[in-house]
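Here are the chains, one letter per residue:
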Amino acid sequence: MGGLSMKPIVLNFTIFCCLTALAACGGESTESDDNDGSEVTQANASTMMNQLPLEDCTEFGCANGCVQIDYGVDENADGDLDISEIDGTEYICHGLSGQDGANGTNGVDGEDGVDGSDCTVSEVDCLATLTCEDGTSVSWNLMGCMAEVPEGMVEVPASSFLYGNPTGSLYLPTFYIDKYPVTAGDYKACVDGGMCQYNGSTTSPYRTYDNGKDTHPINFLNWYDATAYCIFNGKRLPTEQEWEKAARGTDGRTYPWGEDAPDGTRSNYWESGDDYDDGTTPVGYFNGVNTLADGTSTADSPSPYGAYDMAGNVWEWTNSWSSSLEYRMLRGGSFGYDSNRLPTYYRDGRHPDNRNYGFAGFRCAQ
């Protein structure tokens with residue numbers, strides 16, 4: 001490259017999450033095992049960055065060299081970001097060049113200025129900081145990096161995925177989504193605390209609120225009720241695109257568990273034959289541990305990111321509008337509909353005021 005010299009960087013040129021010794025951004029995530037409360041460790045593709053030294057950085061406004069930093073997810077786990085895996089790039093200037101001293105008059109010439117000093121990169125709680133000895137300092141957030149996954153949620157890392165039917169490629173940054181739909185018990189606690197309201201049915205046998213079904217997903221709520229609950233808990237409703245990625249992963253699968261056809265061991269839908277066929281199922285019921293009345297075990301059926309109940313049980317409100325801007329979109333199918341509604345890409349919608357729809361619930365995102 002060009003003729004400017006650059007001070008050496010006190011780091012390896014390829015750095016995982018800035019410093020390989022920092023585990024907060026590492027390639028493993030820890031989730032609670034539903035069976036016995038113990039912890040299990042699960043490997044993920046690492047969020048990482050390539051750090052490349054550049055000498056001629058004048059086009060980026062850097063007089064003394066710079067560092068090109070590529071962000072992305074190492075999907076193929078080869079220890080480097082390929083072009084297709086790069087989600088963003090930044091150029092961080094190196095230390096500033098010193099200026100030559102002025103010629104003295106009838107005296108000693110001024111001393112030459114000192115070139116910009118060495119720089120190091122550090123990372124704390126996913127905030128990376130480049131600091132130089134001359135006082136130059138720049139900070140930025142590491143994409144896809146979080147000190148820990150919020151309690152009760154799963155992480156959906158930044159990447160492109162196959163969306164819709166027919167599919168098209170869509171990129172989403174990292175987000176978090178509830179592992180389970182919000183339960184009737186959790187919602188009632190919000191009502192009892194004076195922060196939520198329940199104005200749904202009090203007579204329907206399908207209702208879960210205050211009906212001995214605290215572990216079932218809440219239903220008979222409209223979009224505004226669901227939105228208020230999420231906001232009260234510092235969250236929000238997911239968009240349609242987020243919901244589909246959380247359910248589908250990146251491989252375009254038809255169901256959260258893959259391509260196997262739905263049955264009563266995997267999902268609760270109309271005439272599925274599961275023990276709760278005529279109503280809601282406790283959240284997380286299809287986890288491979290519970291046993292049906294005929295002695296058959298349920299099949300462990302989470303999404304690729306570990307979210308449960310994303311096919312059947314209850315439809316889930318999202319934050320997205322229909323193209324007519326008349327309805328808020330619902331995803332996931334329900335105990336009251338057949339298996340044709342269970343594919344990860346299937347869309348339905350209802351007016352956001354509709355509270356008399358006992359087939360719908362929700363989960364929150366962040």
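Parameters and conventions
- Residues take numbers from 1 onward in each chain, read along the sequence in its written order.
- Local features in a predicted model are, by the rule used here, given only for residues with pLDDT of at least 70; side-chain atom pairs are given and counted only at 80 or more, and totals for whole chains, interfaces and linings are based on all residues.
- The basis for every side-chain value is the complete set of non-hydrogen atoms in the structure, without hydrogens or water.
- Strands here mean DSSP runs of E at least two residues long; helices mean DSSP runs of H or I at least four residues long; both are numbered from the N terminus.
- Buried residues are those whose accessible area, probed at 1.4 Å on protein chains only, stays under 20% of the maximum for their type, while exposed residues exceed 50% and partly exposed ones sit between those limits.
- Two residues form a contact once any of their heavy atoms are found within 4.5 Å.
- Areas reported here follow the Shrake-Rupley algorithm with a probe of radius 1.4 Å; residue values treat only the protein chains shown as occluding.
- A pair of aromatic rings is counted whenever rings of Phe, Tyr or Trp (Trp by its six-membered ring) have centres within 6.5 Å, and the orientation is called stacked for planes under 30 degrees apart, edge-to-face for over 60 and tilted otherwise.
- A positively charged side chain is recorded as over a ring if its NZ (Lys) or CZ (Arg) lies within 6 Å of the ring centre. The angle to the ring normal must also be within 35 degrees.

Student: Which parts of the structure should I look at to understand the overall build of the protein chain?
Tutor: Assigned secondary structure in the protein chain consists of three helices and 17 strands. Taking all 366 residues of the protein chain together, the buried fraction comes to 48%. For the protein chain, long-range pairs separated by at least 24 residues make up 57% of all intrachain contacts whose partners lie at least 6 apart in sequence. Summing over all exposed atoms, the protein chain offers an accessible surface of approximately 17300 Å²; the carbon and sulfur share of this is 47%.

Student: Whenever I open this one, the environment of Y229 confuses me. Can you help?
Tutor: Note that Y229 resides in helix α2 (residues 223–232). Apart from the residues lying within four places of it in its own chain, the contact partners of Y229 are V182, D186, Y187, C190, C196, F362 and C364.

Student: Any chance you could explain the packing of aromatic side chains here in plain terms?
Tutor: How two aromatic rings sit relative to each other is given by the distance of their centres and the angle of their planes. One pass over the full model with this rule turns up 15 aromatic pairs. When the ring of Y276 is compared with that of Y285, the centres are 5.3 Å apart and the planes differ by 80 degrees; the resulting orientation is edge-to-face. Residue Y276 is classed as partly exposed on the basis of its relative accessible area of 30%. Owing to a relative accessible area of 8%, Y285 belongs among the buried residues under this scheme. What links up through ring pairs into an aromatic cluster is the set Y206, W315, F335, Y337, Y346, Y357 and F359. If you follow R328 out to its NZ or CZ, it ends over the ring of W223, 3.9 Å from the centre. In this structure, R350 is placed above the aromatic ring of Y357, and the distance from its NZ or CZ to the ring centre is 4.3 Å.

Student: Quick question: what am I supposed to make of unusual backbone geometry here?
Tutor: With the exception of glycine, most residues fall at negative phi, and the peptide bonds are largely trans. Across the junction of N165 and P166, the peptide omega takes the value 5 degrees, indicating a cis bond. On the secondary structure map, P166 appears in the loop between β11 (159–163) and β12 (168–172). With phi around 65 degrees, D309 is a residue other than glycine that occupies positive phi space. With respect to the helices and strands, D309 occurs in the loop between α3 (240–248) and β14 (315–321). Positive phi values are uncommon outside glycine, yet N313 reaches one of about 70 degrees. Within the fold, N313 resides in the loop between α3 and β14.

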